[in-house]
Amino acid sequence: MEDVKQMLDQLRNGEVEKIHINKANFLQFREQLIKDEQFKYFRGEAKQGGDVIYTFLKEPRA
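So, here is what we can say about the structure in this document.

Some details on the packing of helix α1 (residues 2-12) against helix α2 (residues 26-33)
Across the interface, α1 lies against α2 with an axial gap of 10 Å and an inter-helix angle of 65°. When the axis of α1 is compared with that of α2, the two are roughly perpendicular. Of the two possible hands of crossing, α1 and α2 adopt the one that is right-handed. Note on element contacts: α2 touches α1 through Phe29, Gln32 and Leu33, opposite Val4, Met7 and Leu8. Split into classes, the residues belonging to the contact of α1 with α2 amount to five nonpolar, one polar and no charged.

The rules behind these values
All residue numbers here refer to positions counted from 1 along the written sequence of the relevant chain. In keeping with the model being predicted, local features are shown solely for residues with a pLDDT of at least 70 and side-chain atom pairs are shown and tallied solely at 80 or more, while totals for entire chains, interfaces and linings include all residues. The side-chain numbers reported here are obtained from all heavy atoms of the structure, hydrogens and water having been left aside. Only the stretch in contact is used when fitting a helix axis, every axis being a line fitted to C-alpha atoms; angles between N-to-C directions are given from 0 to 180 degrees. Numbering of helices and strands runs from the N terminus; a helix is a DSSP stretch of H or I covering at least four residues, while a strand is a stretch of E covering at least two. Note on terminology: angles under 35 degrees are roughly parallel, angles over 145 are roughly antiparallel, angles of 65 to 115 are roughly perpendicular, and the others are oblique. Here a crossing is called left-handed whenever its near helix is offset anticlockwise from the far helix by less than a right angle, and right-handed whenever the offset is clockwise. A contact between two residues is defined here by any heavy atoms of the two lying within 4.5 Å. All residues other than Ala, Val, Leu, Ile, Met, Phe, Trp, Tyr, Cys, Pro, Asp, Glu, Lys and Arg, Gly among them, are scored as polar; the first ten of these are nonpolar and the last four charged.

See the structure below:
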């Protein structure tokens, strides 16, 4: 799933401010996200309806 890796790289590099993942693609996206070496720097905010907005943090989550 090269699209997910590219999306994560764009977020990490500051090319995009956030990534919107809809409910239908969440599990596929998350599967790739948890494999990322900087997983703890990504923050997901759940929205009503099952969509998630991801941002990249300067400090890792606890």
